[in-house]
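Chain by chain, the residues:
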Amino acid sequence: MTPAPQAPPRGRGRRRDQLIAFGWLVLVWSLLWGDFSWGNLTGGALVAGAVLLFFPLPPVSFGGRLRPGPLLVFALRFVGELVSASAHVARVAVQPGYQPRSAIIAVRLRIRTDLNLALTAEAISLVPGTLILEVDRDVGALYVHVFDTHGPRDLSGSRQRILAVERRLVRAVGSVAEVRRVSADPVERGP
């Protein structure tokens, strides 16, 4: 059973989110130009206003809270996976005559919020050897291209790694109910 999606932020919360997005867009504009002059700040404000007016961002609700300990665990494990996957891809790239096999797998996430889908997809895509091909919001599934698979055991291991990333992310920024849900799921437990 999936928790009901939370209502989008209204009033001050939505305006605050738009102001934050506006500020980031102006900052990125100024950084791209490499100069914080009044002209660039004004131009950035005009572009940011136009972007937010003509391409409004969908409301993203955040019912969780930031937990520094699990966030540190996520960051350390992420860096470890990044180094390990980079070394693996580099080894495969220089190994003469080796033909790696790839696969596309579907992984259904346990928490189907847009924020969880986006965070998990980004974390997975940043690791060499994996790439998000599609996100199915309706069922909460990620379709992932995995590199150098040798059989069903590798595919199962890839699914487990993706679910482990989701678990660590939810523990770091999820609500109490979401943390309880990913912690109680026996599918992903293991070494």
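Residues numbered from 1 in each chain as written. Predicted model: local features only at pLDDT ≥ 70, side-chain atom pairs only at ≥ 80, totals over all residues. Heavy atoms only, no water.

(A) Up close: the pairing of strand E1 (residues 103-108). Covered by surrounding structure in E1 are Ala103, Ile105 and Val107 only, the residues Ile104, Ala106 and Arg108 on the alternate face being uncovered. Sheet topology places E1 next to strand E3 (residues 141-146); six bridges connect them, and they run antiparallel. Across the sheet, residue Ile105 finds its bridge partner in E3, namely Val144. (Buried < 20%, exposed > 50% of the residue type's maximum accessible area, 1.4 Å probe, protein only. Helix = DSSP H or I, 4+ residues; strand = E, 2+ residues; numbered from the N terminus. Pairing = 2+ DSSP bridges.)

(B) Region of the structure containing the sheet that holds strand E2 (residues 130-136). The strand order across the open sheet formed by three strands is E1-E3-E2, and the pairing between neighbours is antiparallel. The sheet terminates laterally at E1 and E2, the two strands that pair on one side only. Within the sheet, the average angular offset between the axes of one strand and its neighbour, ignoring direction, is 25°. Here E2 pairs with E3 via six bridges, running antiparallel. Looking at the pairing, Leu131 lines up with His145 of E3. Contacts from helix H4 (residues 114-126) reach E2 and E3 within the one sheet, and its direction differs from that of E2 by about 160°. (Axes fitted to C-alpha atoms, helices over the stretch in contact; angles between N-to-C directions. Contact = heavy atoms within 4.5 Å.)

(C) Examining the packing of aromatic side chains more closely. Applying the stated criterion across every chain yields a total of two aromatic pairs. Ring centres 6.0 Å apart and planes at 55° place the aromatic pair Trp29 and Trp33 in the tilted group. Of this pair, Trp29 and Trp33 both sit in helix H1 (residues 12-33), separated by four residues, roughly a single helical turn. A relative accessible area of 25% places Trp29 in the partly exposed class. The class of Trp33 is exposed, set by a relative accessible area of 54%. (Phe/Tyr/Trp six-rings, centres within 6.5 Å; stacked < 30°, edge-to-face > 60°.)

(D) Molecular detail of the environment of His150. If you trace the backbone, His150 turns up in the loop between E3 and helix H5 (152-173). Using a relative accessible area of 53% as the deciding quantity, one classes His150 as exposed. Separated by 47 residues in sequence, His150 and Ala103 have C-alpha atoms that sit 9.4 Å apart. One polar contact links His150 to Tyr98, side chain to side chain, over a distance of 3.2 Å. Among the polar contacts listed, one links the side chain of His150 to the side chain of Asp148, at a separation of 3.5 Å. (Polar contact = N/O pair within 3.5 Å; in protein donor to acceptor, adjacent residues only side chain to side chain.)

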